[in-house]
Amino acid sequence: MATQLPNFFLPATIMADALLQEVKAEPLLNLLTSIASESAPLGPTHIRALDAFCFSTGSNPSPESPLRLGDVLEIQGPPASGKTHLVYYLLVTCVMPSHHLSLPVQGWGKAAIVFDTDGSFDIRRFKHILSQRLQKIIPSDQVPGVVEQSLRRLAIIKVASTLQLAVSILNVPGYLARLFPRHELGMLVVDSVSTFYWSDRFAAERPASAASSSSSPPSSNRFRHVVTALQRVQCSLSPVIVLSNWGLTPTQKSAASIYYRQHLSPFPDPFSQDAGNPALSTLPISYQITTSRPTPLDGRQRFVGHLRRPGKEMTGQVEFTIDEEGIGFG
């Protein structure tokens, strides 16, 4: 038989229930993410313009880290505009150690997982960029050992479809436990999130008769599974999420337009008129870099990346060059 409270307890009980109803509910994973982002700063990206821009927004929990755990960085732009090289540079920062012997290397010393959606990740180029950065910090004879040590913190996973990408992202905790049992996940990269856009769009728009005659079920919006998977990893592990994205449609019809509309759905466009719609904010963008096509400069290719943060009017700019030696920043 249920226990019945004496009458003099009832007012206090009712008051407690009323107070509890006013407490804002928050998922445990979100709370853990918030605590982690405040207590475990990552360190600088060593892209000075990007670091300075992030600090200027005033949203950083630590004076040592421009990015917070769980931040989402979108790198968008047309083909051959330097997006992947920016990804390489950020990954190098993530997997490099913080120190080597008594020398400060200033890396994050964390694991990184890359989802290579189009098979274009060039591990030789990545290793070269890593070596070039270490050459400037530690003695040359010690570089090969540190390179190998850093590469042990990098995993590259190739995927062949949107659904395979979503399932693989959901399995990130398993990858981390199996491949990097002693390391935190510092960065999760998808290069590029747009690779399967046209095939998914074709599958979604094909006639119902064709879909019914196919052995596979009718297609819905497959990309929503990727967004859901990224959100779950963001909440549980809090890596910095870096997404390279195609620039397909300029925001303005003039040739001078430097920004692009978001073509993926339900991926939000944080700078559109609908940016405040909660239904579109399933994976909010923290920062965006929009790259432009290169211009020649002394035998190298010069690129410009335009920096933005949702909700802030200020913008920034990062200039970089790419040549056989690697990537350099102005």
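Just so it is clear, the structure is predicted and the values come from calculations on it, not from any experiment.

**Q** I keep staring at the packing of helix α7 (residues 162-170) against helix α8 (residues 172-179) and nothing clicks. Help me out?
**A** When two helices pack together, their arrangement is captured by the angle between the axes and the distance separating the axes. Where α7 meets α8, the closest approach of the two axes is 4 Å, and the angle between their N-to-C directions is 55°. What the angle tells us is that α7 and α8 run oblique. Across the interface between the two elements, Ser168, Ile169 and Leu170 of α7 pack against Val172, Pro173 and Tyr175 of α8.

**Q** How do you make sense of the packing of α7 against helix α11 (residues 223-237) when you look at a structure like this?
**A** Between α7 and α11, the least distance of the axes is 8 Å, while the angle of their chain directions is 15°. Overall, the two elements α7 and α11 adopt an arrangement that is roughly parallel. Remark: the crossing between α7 and α11 carries left-handed chirality. Residues Thr162, Leu163, Leu165, Ala166, Ile169 and Leu170 of α7 pack against Phe223, His225, Val226, Ala229, Leu230, Arg232 and Val233 of α11. Looking at the contact of α7 with α11, its residues break down into ten nonpolar, two polar and one charged.

**Q** For this particular structure, what's the right way to read the pattern of salt bridges?
**A** Oppositely charged side chains can pair when the atoms bearing their charge come close. The tally for this structure, following the rule as stated, stands at six salt bridges. In this structure, arginine 201 engages glutamate 205 in a salt bridge whose closest nitrogen and oxygen atoms are separated by 3.2 Å. Taken as a pair, arginine 201 and glutamate 205 lie in helix α9 (residues 197-205) at a separation of four residues, close to a single helical turn. Exposure remark for arginine 201: the relative accessible area of 35% places this residue in the partly exposed category. Note on glutamate 205: relative accessible area 56%, which makes it exposed.

**Q** Is there a simple way to explain unusual backbone geometry in this structure?
**A** Glycine aside, residues mostly have negative phi, and peptide bonds are mostly found in the trans state. Along the chain, aspartate 191 connects to serine 192 via a cis peptide bond; the corresponding omega equals 5°. Take serine 192: it is sitting in the loop between β6 (185-191) and α9. The linkage connecting serine 265 with the following residue, proline 266, adopts the cis geometry, with an omega of 10°. Mapped onto the elements, proline 266 comes out in the loop between β7 (240-246) and β8 (287-291). Phi is positive for serine 238, close to 55°, though the residue is something other than glycine. In this structure serine 238 comes out as buried when scored by relative accessible area, which is 3%.

**Q** For this particular structure, what's the right way to read the side chain of serine 194?
**A** By secondary structure assignment, the location of serine 194 is in the loop between β6 and α9. With residues up to four places along the chain from it excluded, the contact list for serine 194 reads Asn245, Trp246, His263 and Leu264.

**Q** What's the story with α8 in this structure? I'm lost.
**A** Within an α-helix, residues lying three or four positions from one another point in the same direction, as the helix has 3.6 residues per turn. Buried within α8 are the following residues: Val172, Tyr175 and Leu176. All buried residues of α8 project into a common sector of 100° when viewed along the axis, lining one side. Exposed residues pointing more than 90 degrees away from the buried face of α8 are listed as Ala177 and Arg178. Those residues of α8 that are buried are in contact with β4 (111-116), β5 (154-158), α7, β6 and α11.

**Q** Would you take a moment to explain the layout of surface pockets for this structure?
**A** To locate leftover empty space, one rolls a probe as large as a water molecule over the atoms. When its volume is computed, the second largest pocket comes out at roughly 350 Å³. Contributing elements (two or more residues each) for the lining of the second largest pocket: α5 (123-135), β11 (315-323) and β12 (326-329). The element best represented in the lining of the second largest pocket is β12, accounting for four residues. Counted by class, the lining of the second largest pocket contains six nonpolar, six polar and five charged residues.

**Q** How do you make sense of the packing of aromatic side chains when you look at a structure like this?
**A** In this description, a pair of aromatic rings is defined by centroid distance and the angle of the planes. Counted under the stated rule, the structure contains nine aromatic pairs. Ring geometry for tyrosine 88 against phenylalanine 126: centres 6.1 Å apart, planes inclined by 75°, an arrangement best described as edge-to-face. Taken together, the residues tyrosine 88 in helix α4 (residues 83-95) and phenylalanine 126 in helix α5 connect sequence positions 38 residues apart. Comparing tyrosine 88 with phenylalanine 126, the two get one shared label, buried. Ring centres 6.1 Å apart and planes at 85° place the aromatic pair phenylalanine 223 and phenylalanine 267 in the edge-to-face group. Of the two residues, phenylalanine 223 sits in helix α11 while phenylalanine 267 sits in the loop between β7 and β8, which places them 44 residues apart along the sequence. Exposure remark for phenylalanine 223: the relative accessible area of 8% places this residue in the buried category. According to the relative accessible area criterion, phenylalanine 267 is buried, its value standing at 4%. Among the aromatic residues, ring-to-ring pairing joins Tyr89, Phe303, Phe320 and Phe329 into one connected group.

**Q** Got a minute to help me understand the confidence of the model for the chain in this structure?
**A** It should be kept in mind that the predicted coordinates are not to be read in detail where pLDDT is low. In the predicted model, the chain carries a mean pLDDT of 84, and the fraction of residues at 70 or more is 79%. Below pLDDT 50 for its whole length, residues 1-30 participates in five contacts with residues either more than four positions away or in separate chains. Within the model, the stretch residues 32-39 combines pLDDT values under 50 with ten contacts to residues more than four positions away or in other chains.

Cut-off values and rules
- Residues numbered from 1 in each chain as written.
- Predicted model: local features only at pLDDT ≥ 70, side-chain atom pairs only at ≥ 80, totals over all residues.
- Heavy atoms only, no water.
- Axes fitted to C-alpha atoms, helices over the stretch in contact; angles between N-to-C directions.
- Helix = DSSP H or I, 4+ residues; strand = E, 2+ residues; numbered from the N terminus.
- Parallel < 35°, antiparallel > 145°, perpendicular 65-115°, else oblique.
- Contact = heavy atoms within 4.5 Å.
- Left-handed = near helix turned anticlockwise from the far one by under 90°.
- Nonpolar A, V, L, I, M, F, W, Y, C, P; charged D, E, K, R; others polar.
- Salt bridge = Lys/Arg side-chain N within 4 Å of Asp/Glu carboxyl O.
- Buried < 20%, exposed > 50% of the residue type's maximum accessible area, 1.4 Å probe, protein only.
- Arc of directions from axis to C-beta.
- 1 Å grid on protein atoms, 1.4 Å probe; cavity = no way out; pocket = protein on both sides within 12 Å on 5 of 7 lines; lining within 4 Å.
- Points joined across faces, edges and corners; volume = space filled by probe spheres on them.
- Phe/Tyr/Trp six-rings, centres within 6.5 Å; stacked < 30°, edge-to-face > 60°.
- pLDDT = per-residue confidence, 0-100.

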